Amino acid sequence: EVQLVESGGGLVQPGGSLRLSCLASGFTFEDYAMSWVRQIPNKGLEWVSRVSWNGERTSYRELMKGRFTISRDNAKNTVYLQMNGLKPEDTAVYYCYAKSLWTEDEDYWGQGTQVTVSS
């Protein structure tokens, strides 16, 4: 069964840091680009970051660039999101998202991990 299990969320003060992890199983990890997407309270989904299959190329939403870093370890079937300089507006549920590099309309979502930035 395909699984994406996020971890690492929690409560952090403004300016603090968290590292999110997403452990994948049930599919060929390196055949998928991996992304982080967040849902802000009372708002919609917002794409955060994406990393290519081999980790060589990354992209970020402009507001996160310079604060967030995405990476992946294919040997561990894991994608990470290092978040520094967190702001209250970063409060959201963060989801791990896998998109097939070869097949249209094939994607998977994790259950999400809560990040709360508050003093």
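Here the structure is shown first, and the text comes after it.
Residues numbered from 1 in each chain as written. Predicted model: local features only at pLDDT ≥ 70, side-chain atom pairs only at ≥ 80, totals over all residues. Heavy atoms only, no water.

A.B. asks: Mind showing me how you'd approach the state of the cysteines here?
C.D. replies: Going through the model one piece at a time under the given rule, you end up with one disulfide. Residue cysteine 22 pairs covalently with cysteine 96 via a disulfide, S to S 2.1 Å. What sets the handedness of the cysteine 22 and cysteine 96 disulfide is the S-S torsion sign, and at about -85° it is left-handed. Taken together, the residues cysteine 22 in strand β3 (residues 18-25) and cysteine 96 in strand β9 (residues 92-100) connect sequence positions 74 residues apart. Per residue, the accessibility class of cysteine 22 equals that of cysteine 96, and both read buried. (Disulfide = S-S within 2.5 Å. Helix = DSSP H or I, 4+ residues; strand = E, 2+ residues; numbered from the N terminus. Buried < 20%, exposed > 50% of the residue type's maximum accessible area, 1.4 Å probe, protein only.)

A.B. asks: It is not clear to me how the environment of isoleucine 70 should be interpreted in this structure. Could you clarify?
C.D. replies: Looking at the element boundaries, isoleucine 70 is found in strand β7 (residues 68-73). Take isoleucine 70: its relative accessible area is 4%, and that puts it in the buried class. Taking the C-alpha atoms as reference, isoleucine 70 lies 6.4 Å from glutamine 82; in sequence the two are twelve residues apart. With near-sequence residues (within four places) excluded, isoleucine 70 lies in contact with Met34, Trp36, Ser49, Arg50, Val51, Thr58, Tyr60, Val79, Tyr80 and Leu81. (Contact = heavy atoms within 4.5 Å.)

A.B. asks: Honestly, the packing of aromatic side chains in this entry has me stumped. Any pointers?
C.D. replies: Applying the stated criterion to the full structure yields five aromatic pairs. Taking 6.3 Å as the distance between ring centres and 80° as the angle between the ring planes, the aromatic pair formed by tyrosine 95 and tryptophan 109 counts as edge-to-face. Taken together, the residues tyrosine 95 in strand β9 and tryptophan 109 in strand β10 (residues 107-109) connect sequence positions 14 residues apart. Considering the side-chain rings of tyrosine 97 and tryptophan 109, the 4.5 Å spacing of their centres and the 45° angle between planes classify their relative orientation as tilted. Highlighted residues: tyrosine 97 in strand β9 and tryptophan 109 in strand β10, separated in sequence by twelve residues. Ring pairing ties together the aromatic residues Phe27, Tyr32 and Tyr108, which thus form one cluster. Over the face of the ring belonging to phenylalanine 29 we find arginine 72, whose NZ or CZ atom lies 4.3 Å from the ring centre. (Phe/Tyr/Trp six-rings, centres within 6.5 Å; stacked < 30°, edge-to-face > 60°. Lys NZ or Arg CZ within 6 Å of the ring centre and 35° of its normal.)

Functional significance is not addressed by these values, which are geometric in nature.
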